[in-house]
Amino acid sequence: MRVCFDLGDVFHPGASDEDNALSLQALLECLIAINRVYLRNHPKTPPLYRSGVKYGRTQVWDSIPDLLTRRYGDCKSLVAMHVAEEREAGRSVKPVFRFAKNPQTGTKDFHILEWYGGKKFDDPSRRLGMEAYHRRQGIWLFPM
């Protein structure tokens, strides 16, 4: 089933950073919750880092079964899967994101990664080939 949200007040050049951030956080937590349900009902699901999934840009927010079928995804789907795995294993982790102005488009892009508290972060996109993918495609690489 496809579920579409019409979010006309966010993620456009005039949208406020606060509205963008709050909306993005809500969307991520929704996908993480859906993924946790999937993991509970499918305990033999391969972990993200052993699944063969690689980084590749998409316009969709893939849940775990769709991400595994597609075999690639970008930060939103990769982080949502990995955070769900980590939370199901009892670890405390939050999706976090950064906004930056894209010099190619003039719009603000976001990049999602994981925060374990303190200075401990994980970036599934980078671990699964984001930098090489962006260089091959000639796509702006989000500064870190």
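See the structure printed just above.
Residues numbered from 1 in each chain as written. Predicted model: local features only at pLDDT ≥ 70, side-chain atom pairs only at ≥ 80, totals over all residues. Heavy atoms only, no water.

**Focus: the overall build of the chain**
Line of reasoning, step 1. The number of helices and strands found in the chain is five helices and five strands.
Line of reasoning, step 2. In terms of C-alpha radius of gyration, the chain reaches 15 Å, essentially the compact-globule figure of 15 Å for 144 residues.
Line of reasoning, step 3. Taken along the three principal axes of its C-alpha coordinates, the chain extends 45 × 35 × 30 Å.
Line of reasoning, step 4. Split into buried and exposed, the 144 residues of the chain put 40% on the buried side. (Helix = DSSP H or I, 4+ residues; strand = E, 2+ residues; numbered from the N terminus. Rg over C-alpha atoms; globule rule 2.2 N^0.38 Å. Buried < 20%, exposed > 50% of the residue type's maximum accessible area, 1.4 Å probe, protein only.)

**A few points about the sheet that holds strand β4 (residues 108-117)**
Line of reasoning, step 1. Pairing in this open sheet of three strands is antiparallel, and the strands run β3-β4-β5 from one edge to the other. Unpaired on one side and paired on the other, β3 (94-101) and β5 (120-122) mark the two borders of the sheet. The mean angle between the axes of side-by-side strands here comes to 40 degrees, regardless of whether they run parallel or antiparallel.
Line of reasoning, step 2. Lying on the sheet, helix α1 (residues 17-41) is in contact with β3 and β4; it crosses β3 at an angle near 145 degrees.
Line of reasoning, step 3. Across the sheet, helix α3 (residues 75-88) touches β3, β4 and β5, and the angle it forms with β4 is around 15 degrees. (Pairing = 2+ DSSP bridges. Axes fitted to C-alpha atoms, helices over the stretch in contact; angles between N-to-C directions. Contact = heavy atoms within 4.5 Å.)

**With respect to α3**
Residues that lie three or four places apart on an α-helix share one face, since the helix turns once every 3.6 residues.
Line of reasoning, step 1. Between its first and last C-alpha, α3 extends 20 Å over 14 residues, near the 20 Å set by a 1.5 Å rise per residue.
Line of reasoning, step 2. Across the 14 residues of α3, 13 count as buried, placing the element largely inside the fold.
Line of reasoning, step 3. One or two residues past the end of α3 sits glycine 90, with phi positive at roughly 90 degrees. (Expected span 1.5 Å × (residues − 1).)

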